[in-house]
Amino acid sequence: MSSEQALSAPGIADAGGRPGGFPAAWLAGLPVGRLLLRAAALLACVAFWQAASVLKFDFGLVTFRYVPAPSDVIVAGWNLFQSPKLASHVVNSLIRVFSGFAAATLLGIVVGVLIGRSRRFEDTLLPPLEVLRPIPGVAWIPLAILMFPSSELSMVFITFMGAFFPILLNTVHGVEAVDRRLIASSRSLGAGRWSVLAEVVVPGALPSIVTGLAIGMGTSWFCLVTAEMIAGQYGIGYYTWESYTLQNYPDIVVGMLFIGAFGMASSGLIKLLGRVLMPWYRIQERHS
Amino acid sequence: MSIATQAQSGSKAGRIELRDIAIHLPGKVRFEAVRQVSTTIAAGEFVSIIGPSGCGKSTLLNAVAGYLQPSGGSLSVDGEPVGGPGPDRGMVFQHNSLLPWRSALDNVAFGLKMRGVARAERLERAREFLELVGLRGFADRYPAQLSGGMQQRVEIARVLINNPRVVLMDEPFGALDAQTRERMQQLLLDIWGRFRPTVLFVTHDIDEALILSDRVLVMTHRPGRIREEIVVDLPRPRPEDIIVSPEFIALKKRCLALVQDEVRQSLIGGLEAPRIELPVEA
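Participant: Explanation requested: the interface of chain B and chain A in the structure shown.
Facilitator: By a frequent convention, interface size equals the accessible area lost on bringing the separate parts together. Taken together, the contacts link 33 residues of chain B with 29 residues of chain A. Put simply, the parts of the chain that give the side of chain B that touches chain A at least two residues each are strand S6 (89-92), helix H3 (104-114), helix H5 (148-160) and helix H6 (178-195) of chain B. Of the residues contributing to the side of chain B that touches chain A, the split by class is 15 nonpolar, 12 polar and six charged.

Participant: How do you make sense of the domain arrangement of chain A when you look at a structure like this?
Facilitator: As assigned here, chain A comprises domain 1 (30-67) and domain 2 (70-287). Put simply, the middle of domain 1 of chain A and the middle of domain 2 of chain A, counted by C-alpha atoms, are 30 Å apart.

Participant: Can you help me understand the pairing of strand S3 (residues 46-50) of chain B in this one?
Facilitator: Working note: regular strand, side chains alternate between the two faces of the sheet. All names here are of chain B. A large share of S3 lies buried, amounting to five of its five residues. On S3, burial covers both faces: Phe46, Ser48 and Ile50 on one face and Val47 and Ile49 on the other are all buried. Here S3 runs beside strand S8 (residues 198-202); their pairing, made up of four bridges, is parallel. In the strand pairing of S8, Val47 is matched with Leu200. Across four bridges, S3 lies against strand S9 (residues 215-219) in parallel orientation. Note that in S9 the partner of Val47 across the bridge is Arg215.

Participant: What's the story with the packing of H3(B) against helix H4 (residues 119-132) of chain B in this structure? I'm lost.
Facilitator: The angle between the axes and the distance between the axes are what describe a pair of packed helices. Residue and element names in this part refer to chain B. Between H3 and H4, the shortest axis-to-axis distance is 8 Å and the interhelical angle comes to 120 degrees. By the angle between their axes, H3 is oblique relative to H4. Here H3 and H4 pass one another in a crossing that is right-handed. Across from Ala104, Leu105, Val108, Ala109, Leu112 and Lys113 in H3, the residues of H4 making contact are Arg122, Leu123, Arg125, Ala126, Arg127, Phe129 and Leu130. Broken down by class, the residue content of the contact of H3 with H4 amounts to nine nonpolar, no polar and four charged.

Participant: Please clarify how the sheet that holds strand S2 (residues 31-41) of chain B should be interpreted in this entry.
Facilitator: Strand pairing in a sheet is mediated by backbone hydrogen bonds. Such pairs are either parallel or antiparallel. Residue and element names in this part refer to chain B. One open sheet holds the four strands; their spatial order is S2-S1-S4-S5, and the pairing between them is antiparallel. This sheet does not close on itself; its edge strands, each paired only once, are S2 and strand S5 (80-81). Where strand S1 (residues 16-25) and strand S4 (residues 72-77) come together, five bridges link them in antiparallel fashion. Opposite Ala22, over in S4, you have Gly72 as the bridge partner.

Participant: What should I look at first to understand the environment of Leu61(B) in this one?
Facilitator: Residues and elements named next belong to chain B. Along the chain, the position of Leu61 falls in helix H2 (residues 57-65). Judged by the 21 C-beta atoms lying within 10 Å of it, Leu61 is buried. Residues Leu61 and Ile268, spaced 207 residues apart in sequence, show a C-alpha to C-alpha distance of 26 Å. If sequence neighbours within four positions are ignored, Leu61 has contacts with Leu168, Asp170, Leu200 and Val202.

Participant: Looking at this structure, how should I read the domain arrangement of chain B?
Facilitator: Residue and element names in this part refer to chain B. The domain boundaries assigned to chain B delineate domain 1 (10-88 + 165-269) and domain 2 (98-161). For domain 1 and domain 2, the distance between their C-alpha centres works out to 26 Å. Taken together, the contact pairs 11 residues of domain 1 with eight residues of domain 2. Residue contributions to the side of domain 1 that touches domain 2 peak at five residues, all from H6. Along the lines of polarity and charge, the residues of the side of domain 1 that touches domain 2 split into 10 nonpolar, one polar and no charged.

Participant: Is there a simple way to think about the nonpolar core in this case?
Facilitator: In summary, soluble globular proteins display a tendency toward joint burial of nonpolar side chains. By size, the foremost hydrophobic cluster in this structure holds 139 residues, and its most contacted members are Val64(B), Val108(B), Leu130(B), Ala157(B) and Leu200(B). For this core, the element with the highest residue contribution is helix H6 (residues 151-176) of chain A, accounting for 14 residues. Excluding residues that lie within four positions of it along the chain, Ala157(B) makes contacts with Val108(B), Phe129(B), Leu130(B), Leu132(B) and Val133(B).

Participant: Would you mind showing me how to read helix H5 (residues 137-147) of chain A here?
Facilitator: An α-helix turns once per 3.6 residues; consequently, residues spaced three or four apart project the same way. Residues and elements named next belong to chain A. Those residues of H5 that sit buried are Gly137, Trp140 and Ala144. The buried side chains of H5 occupy one side of the element, clustering within an arc of 45 degrees when seen end-on. When the buried face of H5 is taken as reference, the exposed residues oriented beyond 90 degrees from it are Pro142, Leu143 and Leu146. The inward-facing, buried residues of H5 contact H6 and helix H9 (224-228).

Participant: What should I look at first to understand the confidence of the model for chain A in this one?
Facilitator: Parts of the prediction with low pLDDT should not have their coordinates interpreted in detail. With 90% of its residues at a pLDDT of 70 or more, chain A shows a mean pLDDT of 87. Contacts of residues 1-27 of chain A to residues separated by more than four positions or lying in other chains number 26 contacts, the stretch itself having pLDDT below 50.

Participant: Please explain the pairing of S9(B) as it appears in this structure.
Facilitator: Most of S9(B) sits inside the fold, with four of its five residues counted as buried. Here S9(B) folds back onto strand S10 (residues 226-231) of chain B, and the loop between the two strands holds six residues.

Participant: Where do I start with unusual backbone geometry in this structure?
Facilitator: Peptide bonds are trans in most cases, and residues, glycine excluded, mostly fall at negative phi. All names here are of chain B. For the bond running from Arg222 to Pro223, omega is 0 degrees, close enough to zero to count as cis. By the element assignment, Pro223 lies in the loop between S9 and S10. Cis geometry is adopted by the peptide bond preceding Pro237, which originates at Arg236 and carries an omega value of -5 degrees. With respect to the helices and strands, Pro237 occurs in the loop between S10 and helix H8 (246-269). Not every positive phi belongs to a glycine, and Asp78 is a case in point at roughly 50 degrees. Mapped onto the fold, Asp78 is located in the loop between S4 and S5. On the basis of neighbour counts, which here come to 16 C-beta atoms within 10 Å, the residue Asp78 falls in the partly exposed class. In this structure, Asn163 is a non-glycine residue whose phi angle is positive, near 50 degrees. If you trace the backbone, Asn163 turns up in the loop between H5 and strand S7 (166-170). By C-beta crowding, Asn163 is classed as partly exposed, having 18 other C-beta atoms within 10 Å.

Rules behind the numbers
Residues numbered from 1 in each chain as written. Chains lettered and ligands numbered in written order. Predicted model: local features only at pLDDT ≥ 70, side-chain atom pairs only at ≥ 80, totals over all residues. Contact = placed C-beta atoms within 7 Å. Helix = DSSP H or I, 4+ residues; strand = E, 2+ residues; numbered from the N terminus. Nonpolar A, V, L, I, M, F, W, Y, C, P; charged D, E, K, R; others polar. Domains from an automatic or database assignment. Buried ≥ 20, exposed ≤ 12 C-beta atoms within 10 Å, placed from the backbone. Pairing = 2+ DSSP bridges. Axes fitted to C-alpha atoms, helices over the stretch in contact; angles between N-to-C directions. Parallel < 35°, antiparallel > 145°, perpendicular 65-115°, else oblique. Left-handed = near helix turned anticlockwise from the far one by under 90°. Core = buried A, V, L, I, M, F, W, Y, C linked by C-beta atoms within 7 Å. Arc of directions from axis to C-beta. pLDDT = per-residue confidence, 0-100.

Laid out in structure tokens, this is it:
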């Protein structure tokens, strides 16, 4: 709407649409031709993999000699599906990932808002966190075992460490990027300290926080195999690691694909949640 | 309180007193933005501030809003020293500062929410104020779904709903096209006539200042002082063709001469004014 003309006829909808109209077009965003091309590319990769492992390609540096073929993996995957243990593997892993992720969400957002809003917290909290940040999950295993009363908690701690930093850093970034004029004008409308936080800072940082959550969800799954090295019985990561020690090579790939699929699905869930929670964000992106 | 009663109550409050105001802004080098500004703005008066860009007009406005603390002098509204931002002094910026995640209606109702007014009541009143600024039927839109002029209408509505003594406007129509700007000026005059808040209006557009104001303060180049106060004794309501009347043109010539002289002097000084930003703590 380029002019004020519409004001003389209030109620006429413009091209912008209503905020309630939330289209599910993102699933079918691409034209059929490009979707087919993408599917064909995936198939080509699988076909190459099949050929490379059946014919035992050896490129010198990399060899497919011991790599299980997709056909073997499908059989192994089918066996896992038939197995009564599957549910336990999946449920245990889901609980570990989501507990770690939930704790990371809570702590990451709270600490992130504190750091983003206050120079004092930035100076006191950020330096130690920056030292801890580059330490990978696998390096935490011994300490995690020593620090926590149960191996279950140690595992949750490692998935927590995986998710915490992306959430924290994205929250800090989002809070610091909130338009200062929004804060200023809300104070001129009577908003106090807490209202500024609840009505302006957190909603303003939300797009960035959701990005952090989606990344954190991925990195939490990322750390699952590491975490479940400690496990004694169940978990997809445990299954993957155990398959290696038992030399069930196709099972390793099945475990890897499970983790990839679950990680992708739960990150997608977070992004979807973000879209539902922030209809205004997509509208704003479209109009700017 | 309905709009009608709020308009009638058009209080006699909103007298702004500035005494020897000096403002220094932090930066790589702390610099003097405003020097020794003294003036009194009567309750219900409409006063514009013009001057070369970077002269400290916006800085002065930000001080009255309470966003920054003057380094010297005293600043009070109805005898109460300004300590910080508050709903008695509404602020409208050049670009809308509406909450992007709230509908137009919720944005207008924001001030009442902060005061703890129950949801049903505040939405009903917000609806009245949206209607007042000609936005009936746009209540559910997000700010991004409104044109620039509509966004500023929402801004004005959400400031007015707080029944402010003072309305501060920092080039509020500066980003709008010429036709929209004229409509907005008329709307503002209409609203000011009904509610009679004190309006302090910063603009670089001399026509705009003269059409709207009772008095125009011309500021010097930086550090900004008040160079001259020009009383605009044109009758109200002012028709659109007033800008071609001899009286108007005479006033405009005076303003133009003053501003151009200041621009010239600032160029001789060779000082490129730094961009004014809101203080971090805001």
